[in-house]
Each structure stands twice: as C-alpha cells, then as structure tokens.
Amino acid sequence: MDLLREKGIRSEEVLDALMQVPRHVFLESSFEAFAYKDAAFPIRAAQTISQPYTVAVQTQALELSPGAKVLEIGTGSGYQAAVLAAMGFRVYSIERQKELFDFSKRVLSELRATVVQRFGDGYKGMPTFAPFDGILVTAAAPDVPNALLAQLAVGGKLILPVGPEGADQRMWRITRMGDKSFEREDLGAFRFVPMLGNVANGQDSV
Ligand code: SAH
C-alpha cells in the first residue's frame, strides 16, 4: 500500500478496499505467489487482471461515496468488481466471455461480494439499471461508447481508456454536467486489453 501511496493514490477508502480484497483468489494457481506484486497477470481466455495501481486509479477517479451505483464493463477475474463492492458501492458488472463470467461469478459469491453480473456486450451498458453514478471500463475502446454516456446520471463519471489496440491509451474521466453537456479530463497513459465486439452467442446485457 505504501507503493500505491507513493505512486499518488491518496484516497484512504480506496487503500482500505484494496487491503480488504484477497487478490490471489482471482489468479490462476501458477501466479498465486505473485498476487501481491503491483503487476498485471494473465487470467483465463487470454485476458489480464489489472494491476492494483490501475484498479486504484480508476476507483479513486470515480470520487464516489458508499451507496453509489457503479457499473463496470469487463468483469474479467472479478477483482475490480470486488474492490468496488468493498468501497460500499452498489455494483453491476458485464463480461462478454462466458468462461470469465462463470469464473468471476463463482469467486465473487465465495467472497460474498454483492455484484449484479451479466453475460453480454458491455458496449450496450445495462439500460435497465441506469442511470449510474459511475461507469468504469476495464478494456480499451477505440472511441467513447455513446450508450455508456447516455446511462450516466447528471454529475456521474465515466472512467475509461480510449485508444488503439497494442499501444498506450489515454484514461479519460468524462463527467456528465447536464443533459447534453460532458466535461473530459485526461488521467494519463495506460495499457489495457482491447474491448471486444459483438457477442456471437451472448444474451443481451439488460
Ligand atoms: N476488471 C478485470 C480486468 C478485465 S480485462 C479484473 O479486475 O480482472 C478486460 C475484460 O473485459 C476481459 O475479461 C474481457 O473479456 C472483457 N471485455 C472485453 N470486451 C468486452 C465487452 N464488449 N463487453 C464486456 N466485457 C468485455
């Protein structure tokens, strides 16, 4: 946690949430020994679990209090979703790959983390549960998905990496100031796996 503090994570709530969530349970057994290093690791289906610093930056950037409604796109291992639940948020999360959806569902229920999970396409968001106080995207999109902007509450924030595959992306924080007005801030360079297109056999994410 001192390392994360040195790297600029100032929110005690975020540091506490990271301490509460055991990271090793989200990793393949061969990587368990490295679970507490500040690094990204491979998980199933050729995806990666974000490094704790990235999880901390995205969570801190939401600037939300307990009880806030937060949607995550890209459940992956379920680690980021567990951290959001430990923050006291009401958490919703979408995953496009069945294998990861099943895996994260099992781990999150074992940890008794309350997360509403859907197997589907995150580009569409979860309109049934909108609006959200925060939306956090954990895969890089080439552009900002309009459906996600539309599902933000006024005052709500969308945190997402935008940019090409295989190179650094910029992390944007987009705040909905009014019905049609949005403010954009650049939170720096990050490297994420790409967001995947339409699901061949997934159900709709609503
Ligand atoms: N938040 C994760 C890290 C996710 S890696 C964690 O804490 O472990 C990015 C995830 O986004 C992968 O699991 C990938 O399958 C998923 N993903 C990619 N495109 C998606 C889409 N269109 N909709 C939903 N999930 C998507």
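Everything here concerns the structure above.
Thresholds applied
Residues numbered from 1 in each chain as written. Predicted model: local features only at pLDDT ≥ 70, side-chain atom pairs only at ≥ 80, totals over all residues. Heavy atoms only, no water. 1 Å grid on protein atoms, 1.4 Å probe; cavity = no way out; pocket = protein on both sides within 12 Å on 5 of 7 lines; lining within 4 Å. Points joined across faces, edges and corners; volume = space filled by probe spheres on them. Helix = DSSP H or I, 4+ residues; strand = E, 2+ residues; numbered from the N terminus. Nonpolar A, V, L, I, M, F, W, Y, C, P; charged D, E, K, R; others polar. Core = buried A, V, L, I, M, F, W, Y, C linked by side-chain atoms within 4.5 Å. Buried < 20%, exposed > 50% of the residue type's maximum accessible area, 1.4 Å probe, protein only. Near = heavy atom within 4 Å. Polar contact = N/O pair within 3.5 Å; in protein donor to acceptor, adjacent residues only side chain to side chain. Areas by Shrake-Rupley, 256 points an atom, 1.4 Å probe, with all protein chains shown as cover. Sits in = over half its atoms within 2 Å of the grid points. Pairing = 2+ DSSP bridges. Axes fitted to C-alpha atoms, helices over the stretch in contact; angles between N-to-C directions.

Once that is clear, we can look at the layout of surface pockets. Computed from the structure, the largest pocket encloses a volume of approximately 520 Å³. Taken together, 34 residues line the largest pocket, and the ones lying closest to its centre are Gln47, Thr48, Thr138, Ala139 and Val193. Secondary structure elements with two or more residues in the lining of the largest pocket: strand S2 (48-49), helix H3 (52-61), strand S3 (69-73), helix H4 (79-86) and strand S4 (90-95). When its residues are assigned to classes, the lining of the largest pocket shows 15 nonpolar, 15 polar and four charged. Empty space within the second largest pocket amounts to approximately 230 Å³. Forming the boundary of the second largest pocket are 14 residues, of which Met1, Leu4, Tyr36, Pro52 and Tyr79 lie nearest the centre. Listing elements by their share of the lining of the second largest pocket, those giving two or more residues are helix H1 (2-6) and helix H2 (12-20).

The subject of this paragraph is the nonpolar core. By size, the foremost hydrophobic cluster in this structure holds 41 residues, and its most contacted members are Ile9, Leu18, Phe26, Tyr79 and Phe89. Broken down by secondary-structure element, the contributors of at least two residues to this core are H2, H3, H4 and helix H5 (98-110).

Around the ligand, a shell composed of 25 residues is seen, among which Glu72, Ser77, Glu95, Gly122 and Leu196 lie nearest. Arginine 96 has a polar backbone atom sitting 3.3 Å from a nitrogen atom of the ligand. Measuring from a nitrogen atom of the ligand, one finds a side-chain N or O atom of aspartate 121 at 3.1 Å. Alone, the ligand offers 580 Å² of accessible surface; in the complex the protein occludes 99% of this. More than half of the atoms belonging to the ligand lie within 2 Å of the grid points that define the largest pocket. For the shell around the ligand, the elements supplying multiple residues, two or more each, are S2, H4 and S4. Among the residues forming the shell around the ligand, the class breakdown is nine nonpolar, twelve polar and four charged.

Bringing the sheet that holds S4 into the picture now. With mixed pairing, the seven strands of this open sheet are ordered in space as S5-S4-S3-S6-S7-S8-S9. Either end of the sheet is taken by a strand with one partner, and the two such strands are strand S5 (115-119) and strand S9 (182-190). Each strand axis lies, on average, 15 degrees off the axis of its neighbour in the sheet, ignoring direction. In this structure, S3 lies alongside S4, joined through five bridges in parallel fashion. Looking at the pairing, glutamate 72 lines up with serine 93 of S4.

Here we come to unusual backbone geometry. With an omega of 5 degrees, the peptide bond between alanine 130 and proline 131 qualifies as cis. Note that proline 131 resides in the loop between S5 and strand S6 (132-137). The phi angle at glutamate 63 is positive, at roughly 50 degrees, despite the residue not being glycine. Within the element layout of this structure, glutamate 63 appears in the loop between H3 and S3. A residue is classified by how much of its surface remains accessible, and glutamate 63, at 52% relative accessible area, is exposed. With a phi angle near 55 degrees, arginine 112 is a residue other than glycine that sits in the positive phi range.

Taken across its eight residues, H4 has six buried, putting it largely inside the fold. Taken together, the buried positions of H4 are Tyr79, Gln80, Ala81, Ala82, Val83 and Leu84. A positive backbone phi angle near 90 degrees is found at glycine 88, which sits one or two residues after H4.

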